[in-house]
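Structural description and commentary
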Amino acid sequence: GDSVTQMEGPVTLSEEAFLTINCTYTATGYPSLFWYVQYPGEGLQLLLKATKADDKGSNKGFEATYRKETTSFHLEKGSVQVSDSAVYFCALRANQGGKLIFGQGTELSVKP
Amino acid sequence: DGGITQSPKYLFRKEGQNVTLSCEQNLNHDAMYWYRQDPGQGLRLIYYSQIVNDFQKGDIAEGYSVSREKKESFPLTVTSAQKNPTAFYLCASSASGSTDTQYFGPGTRLTVL
């Protein structure tokens, strides 16, 4: 079945460091791909999305490119801030139906 | 201000009791979803509803029940049959079921004492 695999956390970075969180997926057809962010004690917020191959989603300095050839959707940010500390979830929505399938989440901690 | 509200934020239940979690949205979305989140894990789908008066089981529906009598409301009941109910529960909605982005509420943390 469809699945999403993320790099394990926690990831600890210093402020202004470059961030990459790896995400790979297994799915039939052409899924849509998402990154959500969860701050402590809160629900999930949509960070960015891409709906077809080679699309780049971007928001708040974060970017991710839908790579069909490598079945990946890695999240990147050029310079992280302390306020980016959160848990990041990669997810896919299969071609059929609205069900979201999530990775296990990657905790990011940014130190001043 | 449009959005999804969940109440209460924290809920405590004694073993053997049923409890109902509220989810309301004023986004005029057709589809609504309930997910369960356990520490260090991703979210798992409990139930979803693509239209009023209709809903389907997700991956972990056992021990849960839902209703969808109104477009804006999708309450989740955690029954005594749910063997391990302590978790963080998240409600989401989307404009339609199959193609639109899901937006999430703030969540309810349920603890069984």
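Above this note sits the structure.
Structure report, in brief. None of these values were measured; they are calculated from a predicted model.

Looking at the pattern of salt bridges
If you walk through the whole model with that rule in mind, you get seven salt bridges over all chains. Between A:Lys52 and A:Asp55 there is a salt bridge, and its shortest N-O distance comes to 3.3 Å. Between A:Asp84 and A:Lys77 there is a salt bridge, and its shortest N-O distance comes to 2.8 Å. Grouping residues by exposure puts A:Asp84 and A:Lys77 together as buried. Through salt bridges that share partners, B:Arg36, B:Asp38 and B:Arg44 make up one connected network.

Overview of the pairing of strand S9 (residues 87-94) of chain B
All names here are of chain B. Counting buried positions along S9 gives eight out of eight residues, so the element sits mostly inside the fold. Burial along S9 is two-sided: the residues Ala87, Tyr89, Cys91 and Ser93 and Phe88, Leu90, Ala92 and Ser94 are all buried. As judged from the seven bridges shared by strand S4 (residues 31-37) and S9, these two strands associate in the antiparallel manner. In the sheet register, tyrosine 35 faces S9, and the bridge partner there is leucine 90. Relative to strand S11 (residues 108-112), S9 is paired through three bridges, and the arrangement is antiparallel. Each residue of the ladder has a partner; that of phenylalanine 88, found in S11, is arginine 109. Here S9 pairs with strand S10 (residues 103-104) via two bridges, running antiparallel. Opposite alanine 92, over in S10, you have phenylalanine 104 as the bridge partner.

Notes on the state of the cysteines
Scanning all chains against the criterion turns up two disulfides over all chains. Through a disulfide, A:Cys23 is tied to A:Cys90; the S-S separation comes to 2.0 Å. Looking down the S-S bond of the A:Cys23 and A:Cys90 bridge, the torsion is -70°, so its handedness is left-handed. On the criterion of sequence distance, the pair formed by A:Cys23 in strand S4 (residues 23-26) and A:Cys90 in strand S10 (residues 86-93) is long-range, its members being 67 residues apart. Covalent S-S linkage joins B:Cys23 and B:Cys91, the inter-sulfur distance amounting to 1.9 Å. Here B:Cys23 and B:Cys91 share a disulfide; its torsion about the S-S bond, -70°, makes the bridge left-handed. Placement of B:Cys23 in strand S3 (residues 19-25) and of B:Cys91 in strand S9 is noted, with a sequence separation of 68 residues between them.

Cut-off values and rules
Residues numbered from 1 in each chain as written. Chains lettered and ligands numbered in written order. Predicted model: local features only at pLDDT ≥ 70, side-chain atom pairs only at ≥ 80, totals over all residues. Heavy atoms only, no water. Salt bridge = Lys/Arg side-chain N within 4 Å of Asp/Glu carboxyl O. Buried < 20%, exposed > 50% of the residue type's maximum accessible area, 1.4 Å probe, protein only. Helix = DSSP H or I, 4+ residues; strand = E, 2+ residues; numbered from the N terminus. Pairing = 2+ DSSP bridges. Disulfide = S-S within 2.5 Å.

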